[in-house]
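# Residue-level structural notes
Here are the chains, one letter per residue:
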Amino acid sequence: MSLVAATDIGGTFTDLVVFDTETREITIAKASTTPSRFAEGVLDSLTAGAVSLEQVGHLIHGTTIVINALTERKGASTALVTTRGFRDVLEIGRGNRPDMYNLVCRKPEPFVPRRLRFEVSERVDRHGAVLTPLDVAELDPIADACREQGVEAIAVCFLHSYAHPEHERAARDRLHQLLPGIHVSTSSDITREWREYERTSTAVLNGYVQPVVAGYLDDLGGALRHDGLSGSFHVVQSSAGTASVETARRRPISLVESGPAAGVIGAARVAEQLGEPNAVYLDIGGTTAKCSLILGGEPGTTTEYRIEWSPTFAG
């Protein structure tokens, strides 16, 4: 298995690059993206490049499926379970306005409507000391409501769970028992950081895209294995590193800039070859456009990420 293949699904096209480790040859192919079944676009690109999956030792996959699901709001019906008194953190946000001088600026609608935001009695302090133990029985009527509302995913975010994740884990286990098959995301498993709004939002978005990404990766992985892939299969994360399919299914929000992040790294390498340590990388896709600044040969990085944070959404 001498081939290393990389595929990227964009809003319009699915691209393929294959490197032969023995001959040092590079093959490039392109196919139309197939939104109804994304796996077909990947398989079509492999066909266009005349690539035999039996010869592929490593397949690395970049995708815009997460950012597209968020910007188009085509994710799953998601509920939120949080500490009593913090039901509206998701809607209150930070108070920042994307367009500072627009007096009629409106915040985007929360990804979880208020009727699907639930509270339970539990409390820990910032050091992780338990002030009010969690009573998992409070989750029973919440599970009933989620079942009646057709909820597909649930995010759990409790106050100071970065210091004491046990309550979230107990809630997750109880919800799994009551609602088998429903995806449950806990903020302590997604981002162990302080600030309730950021953790709540991240956990909610992880749950919002999880059913979409899980089905997509299962579909793609099954198709690739069926067609002869026996080598490794990894997905590019927003950090431009890679993750196993299982990790990607559990934390799909880490793929929000999957394809674009890989492109930034590629642009930095091209700039290095050209002797240009400073460059601007622009990626215009079929759904979104991305831009990154490369200084001293290194792409800029940030720990913050915002959805629908643009004057375009002011009205």
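Scroll up for the structure.
An account of the accompanying structure is given in this report. No experiment lies behind these values; they were computed from the predicted model shown.

### Focus: the packing of aromatic side chains
By convention here, two paired aromatic rings are described through the distance between centres and the angle between planes. One pass over the structure, following the stated rule, counts two aromatic pairs. Ring geometry for F38 against Y216: centres 5.8 Å apart, planes inclined by 85 degrees, an arrangement best described as edge-to-face. In this pair, F38 is assigned in helix α1 (residues 38-48) and Y216 in helix α7 (residues 196-226), connecting sequence segments 178 residues apart. Relative accessible area serves as the criterion here: at 22%, F38 is assigned to the partly exposed category. Ring centres 4.9 Å apart and planes at 75 degrees place the aromatic pair F111 and Y208 in the edge-to-face group. With a gap of 97 residues between them, F111 in the loop between α3 (89-92) and β6 (117-120) and Y208 in helix α7 connect regions that are remote in the sequence. As far as the burial class goes, F111 and Y208 line up, both buried. For the cation-ring pair, R73 lies above F111, with the distance from its terminal atom to the ring centre recorded as 4.0 Å. If you follow R195 out to its NZ or CZ, it ends over the ring of W194, 4.5 Å from the centre.

### Considering the sheet that holds strand β9 (residues 153-157)
What the four strands build is an open sheet, ordered β6-β5-β9-β10; its pairing is parallel. Each end of this open sheet is capped by a strand with a single partner; those strands are β6 and β10 (183-186). On average, each strand axis in the sheet is inclined to that of its neighbour by 20 degrees, with strand direction left out of account.

### Comments concerning the nonpolar core
Soluble globular proteins tend to pack their nonpolar side chains together in the buried interior. L70, I154 and L224 are the most contacted members of the largest nonpolar core, which has 65 residues in total. In terms of residue count, α7 provides more of this core than any other element does, eleven residues in total. Formed by five residues, the second largest nonpolar core is a distinct cluster that contains V264, A267, Y281 and I294.

### Here's the deal with the pattern of salt bridges
Summed over all chains, the structure comprises 15 salt bridges. A salt bridge links R114 to D88; the nearest nitrogen and oxygen atoms lie 2.9 Å apart. One end of the pair, R114, is in the loop between α3 and β6; the other, D88, is in the loop between β5 (78-83) and α3, and 26 residues separate them in sequence. With relative accessibility at 41%, the residue R114 sits in the partly exposed group.

### Considering empty space enclosed by the protein
Once rolled over the atoms, a probe with the size of a water molecule shows which space is left empty. Across all of its chains, the model carries one cavity of 30 Å³ or more by this definition. The space that makes up the largest cavity amounts to roughly 40 Å³. Looking at the largest cavity, the residues that line it are T82, F86, V89, C157, F158, L159, E196 and T200. Tallied by class, the residues present in the lining of the largest cavity amount to five nonpolar, two polar and one charged.

### Describing a nonpolar patch on the surface
There is a patch of nonpolar side chains on the surface, built from V17, I26 and I28 and spanning about 310 Å² of accessible area. Counting through the fold element by element, I28 comes out in strand β3 (residues 26-32). A residue is classified by how much of its surface remains accessible, and I28, at 67% relative accessible area, is exposed.

### Some thoughts on unusual backbone geometry
Positive phi outside glycine occurs at A50, with the angle close to 55 degrees. With respect to the element layout, A50 can be found in the loop between α1 and β4 (56-63).

### Brief notes about helix α5 (residues 166-178)
Compared with the 18 Å implied by 1.5 Å per residue over 13 residues, the 18 Å span of α5 between its first and last C-alpha is a close match. Within α5, burial applies to H167, E168, A171 and L175. Looking down the long axis of α5, one finds its buried residues gathered within 95 degrees of arc, a one-sided arrangement.

Rules used throughout
- Residues numbered from 1 in each chain as written.
- Predicted model: local features only at pLDDT ≥ 70, side-chain atom pairs only at ≥ 80, totals over all residues.
- Heavy atoms only, no water.
- Phe/Tyr/Trp six-rings, centres within 6.5 Å; stacked < 30°, edge-to-face > 60°.
- Helix = DSSP H or I, 4+ residues; strand = E, 2+ residues; numbered from the N terminus.
- Buried < 20%, exposed > 50% of the residue type's maximum accessible area, 1.4 Å probe, protein only.
- Lys NZ or Arg CZ within 6 Å of the ring centre and 35° of its normal.
- Pairing = 2+ DSSP bridges.
- Axes fitted to C-alpha atoms, helices over the stretch in contact; angles between N-to-C directions.
- Core = buried A, V, L, I, M, F, W, Y, C linked by side-chain atoms within 4.5 Å.
- Salt bridge = Lys/Arg side-chain N within 4 Å of Asp/Glu carboxyl O.
- 1 Å grid on protein atoms, 1.4 Å probe; cavity = no way out; pocket = protein on both sides within 12 Å on 5 of 7 lines; lining within 4 Å.
- Points joined across faces, edges and corners; volume = space filled by probe spheres on them.
- Nonpolar A, V, L, I, M, F, W, Y, C, P; charged D, E, K, R; others polar.
- Patch = residues over 30% accessible without salt bridge, like charges linked within 9 Å, V, L, I, M, F, W, Y side chains within 5 Å.
- Areas by Shrake-Rupley, 256 points an atom, 1.4 Å probe, with all protein chains shown as cover.
- Expected span 1.5 Å × (residues − 1).
- Arc of directions from axis to C-beta.

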